[in-house]
Structure formats: structure tokens, C-alpha cells
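So you can see what is in the structure, the chains are spelled out below.
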Amino acid sequence: MWATPALAQTAVPATLSPEGEVAYAFGQQMTFSLQVRNEPLLQSAVLFVSTPQFENTYSHQLPIEAGKGDLINLRHELDLTAVPLQPFTLVTYWWVLEAADGTLYELPHANLEYADDQFVWKETAQAGVEIYWVADGLDLGQVALDVVLESLPRIQSVVQADLPNPLSIYLYPSASDLRAALRLSGQDWVAGHASPELGVVLLPAENPRTAVVDLRRRIPHELSHLLVYRAAGTGYANMPRWFDEGLATLFESVPNPNYEPALQDALASDQIIPFEELCVSFPR
Ligand SMILES: [Zn+2]
């Protein structure tokens, strides 16, 4: 159920002594529980859940039938296969309790980071940029930080916007791991993924021998998407895809060796895609 959150201004009576909890199994379900004393007498509870990606707040109502003063245990399981969440999104949730006399009590909002906990992430940070990675050996965190700091001035000389603060970059141990994580969130995978509204970039860094070259291509590409999103604001949805992707590709420090032959082939066989077709969709 999706609804506009109810507005409850009434102070929450101390007798309710609510205690909330949330736990999740990544990609499967998120369980919200609330223990509350039935004083004043309650008739229902509504759980609200929102994330930066939800257009509307998710809500679920639970009826309450209990004696006055009883301890009530409320529980709702959010099916993450039906309501997919993006990895590392910030989940905000709260409960609204409805008393028998119709008074609404809105409990304080709480936040939870929906981290992909299938991996043990190492972490390094500098200048508001956080890098998380998994692989042993090469210090991928420092490599990625260096690439961010080296490519940023070049991108910002064209796209005048600031990075989100913090910016979090997650380097998945393999492309298939990243693809699986994004599938769980109901999304398709390209070569990397930026969630500009979250300030989160997800990239694969599978092969230690090619990781440096890969990151010098992929990080500036995703940074460009982030900065264009922040510069364009609400106009981002109307930005031609060829322009956004074109800029991002242009900033890749190491050009993709496959692009030029592909362009030559298309030219030779007269299969160039017209610009107007590239405004809304983009070939994979
Ligand atoms: Zn792109």
C-alpha cells in the first residue's frame, strides 16, 4: 500500500513506551517490529517507509486488538523482492499509532542504511569521498581515491557542480556480484552504476591486474553522471541520453578500445544511430 503519510501532531504519551527494531536479509525481506504498551487504548498502527527513490511513502496498516495496558508486539515484513531497495540506500521509517478515540500518535522517525552485507567491506576516506572494497592484495581503496581526486578537476571544469557529501564508492569483487546486487534492487546493470540521489556509485573491480585501468575509465564516467545530475537538478530526467553518456565517456581517462572500431564498422555499414533516437534510450 502506498499513501501520503498521516500528519500527527499530538505528543506521544510516555505510557506507550514504544520500542522499535528493524532487521533485514539483503534482497529478501526487511522486518520492522514495534513493542508498545496499550495505554492509551489503541486500535491500529501504520508503518511508513520511505527512501530517496520511492515516489510515494510505503505504508502498511496493522489492526490492534488487545486489553488496556497489555504489551503489544507489532511486526511487518517488507518483501524486498516486491518492493526492491537500492543497495546502500537510506531507509527512513516511522510508526503512527491510532488510539481508540481516533487520536494519532506519530513516533519519531528513524533511519537505516540498507548496506549490502553479503561482503566484508574495507573502508578508506579522504575529502568527503569514501571508498569501500572487498578484494585482498592491491590497495584498491587508495587507487580509487587517487582516481577520484585526479579526475575531478577536469570534470568540474566543464560540469560546474559539487560532489555529494559524502560520496560513497563501492567496489564489488566481481561483475557478477554487482549484477546480482542490482538485480535484487530491481535494476539493470551496465558497466557501473551511479545513484546520484544517494551519492552512491557501485562498480566492479574484479581483476587486480586490470583494476587500475578499469577504475580510471569507470570512476570518471560515473562522477560525470553524478555532477551532471547535480548541475541539472529537476531537469536531469529531460537531459538527452547521448549528451549525458557522451560527456561521461569523454571524461574516461583511459578510452575504451572497442568504441572506435565499433564506430568505424557502423560508418562502413551505414548503421549510424540518428541523434534523435539517442535522446531517450541508449544502446547497451
Ligand atoms: Zn554512463
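Here is what the cut-offs are and how they apply
Residues numbered from 1 in each chain as written. Predicted model: local features only at pLDDT ≥ 70, side-chain atom pairs only at ≥ 80, totals over all residues. Heavy atoms only, no water. Core = buried A, V, L, I, M, F, W, Y, C linked by side-chain atoms within 4.5 Å. Buried < 20%, exposed > 50% of the residue type's maximum accessible area, 1.4 Å probe, protein only. Helix = DSSP H or I, 4+ residues; strand = E, 2+ residues; numbered from the N terminus. Domains from an automatic or database assignment. Contact = heavy atoms within 4.5 Å. Buried area = accessible area lost by both parts, 1.4 Å probe. Salt bridge = Lys/Arg side-chain N within 4 Å of Asp/Glu carboxyl O. Donors = N, O, S within 2.8 Å, 3.2 Å for Na, K, Ca; no water. Tetrahedral: all angles 85-135°; square planar, octahedral: opposite > 155°, others 65-115°. 1 Å grid on protein atoms, 1.4 Å probe; cavity = no way out; pocket = protein on both sides within 12 Å on 5 of 7 lines; lining within 4 Å. Points joined across faces, edges and corners; volume = space filled by probe spheres on them. Nonpolar A, V, L, I, M, F, W, Y, C, P; charged D, E, K, R; others polar. Pairing = 2+ DSSP bridges. Axes fitted to C-alpha atoms, helices over the stretch in contact; angles between N-to-C directions. Expected span 1.5 Å × (residues − 1).

Residues Met30, Val49, Leu74, Trp95, Leu97 and Tyr172 are the most contacted members of the largest nonpolar core, which totals 43 residues. In terms of residue count, the dominant contributor to this core is strand 6 (residues 89–99) (five residues). Looking at this core, you find at least three residues from each of domain 1 (14–114) and domain 2 (122–278). Val148, Ala211, Met239 and Phe251 belong to the second-largest nonpolar core, a separate cluster that totals 30 residues.

What follows is about the domain arrangement of the chain. With domains assigned, the chain is organised as domain 1 (14–114) and domain 2 (122–278). Domain 1 and domain 2 are separated by 36 Å when their C-alpha centres are compared. Across the contact, 13 residues belong to domain 1 and 13 residues belong to domain 2. Carbon and sulfur atoms supply 63% of the area that domain 1 and domain 2 bury against each other, a total of about 990 Å² over both sides. On the domain 1 side of the contact with domain 2, Gln86, Pro87 and Phe88 bury the most area, a combined 52% of that side's loss. Across the contact surface, domain 1 and domain 2 share zero salt bridges.

Around the zinc ion, the protein contributes the donor atoms His221 (NE2), His225 (NE2), Glu245 (OE) and Glu245 (OE), which lie 2.1 to 2.6 Å from the metal centre. Geometry at the zinc ion is irregular, judged from its four donor atoms and the angles of 52 to 148° they form at the metal. Counting the intervening residues between successive donors of the zinc ion yields the motif H-x3-H-x19-E. Here the residue His221 and the residue His225 both occupy positions in helix 3 (residues 211–232), the gap between them amounting to four residues, near one helical turn. Note on His225: relative accessible area 7%, which makes it buried.

Time to look at the layout of surface pockets. Of the volumes computed, that of the second largest pocket is approximately 170 Å³. Together, Phe88, Leu90, Glu113, Glu130, Tyr132, Pro166, Ser168, Tyr170, Leu198, Gly199 and Val200 line the second largest pocket. Put simply, the parts of the chain that give the lining of the second largest pocket at least two residues each are strand 10 (129–133) and strand 11 (167–172). Residues that form the lining of the second largest pocket fall into these classes: seven nonpolar, two polar and two charged. Lining the lining of the second largest pocket are residues from two domains, each supplying at least three of them: domain 1 (14–114) and domain 2 (122–278).

So, about the sheet that holds strand 1 (residues 19–25). Picture the strands of a sheet paired through backbone hydrogen bonds; they go either parallel or antiparallel. On the basis of which strands lie adjacent, the open sheet formed by three strands has the order 1-2-5 and antiparallel pairing. Strands at the two margins of the open sheet, each flanked by one partner only, are strand 1 and strand 5 (71–79). The average undirected angle you get between the axes of adjacent strands in this sheet is 15°. As paired elements, strand 1 and strand 2 (residues 29–37) share seven bridges and run antiparallel to each other. By the bridge assignment for strand 2, Val22 is matched with Phe32.

Taking 1.5 Å as the rise per residue, helix 1 (residues 140–156) with 17 residues should run 24 Å; its terminal C-alpha atoms sit 24 Å apart, in good agreement. When we look at burial in helix 1, the residues that qualify are Leu140, Gly141, Val143, Ala144, Leu145, Val147, Val148, Ser151, Leu152 and Ile155. Looking at the buried residues of helix 1, the elements they touch are strand 9 (122–126), strand 10, strand 11 and helix 3.

You can see Thr31 is positioned in strand 2. Looking at Thr31, the relative accessible area reads 12%, which means it is buried. The sequence separation of Thr31 and His76 amounts to 45 residues, and the corresponding C-alpha distance is 5.8 Å. Setting aside anything within four residues of it in sequence, one finds Thr31 in contact with Glu21, Val22, Ala23, Arg75, His76 and Glu77.

What the rule picks out here adds up to six salt bridges. Where Glu39 meets Lys68, a salt bridge forms, and the shortest distance between an N and an O atom there is 3.8 Å. One end of the pair, Glu39, is in the loop between strand 2 and strand 3 (42–50); the other, Lys68, is in the loop between strand 4 (58–63) and strand 5, and 29 residues separate them in sequence. Salt-bridge contacts for Glu150 lead to Arg216; the nearest nitrogen and oxygen are separated by 3.2 Å. With Glu150 in helix 1 and Arg216 in helix 3, the pair connects residues that are 66 residues apart, well separated along the chain.

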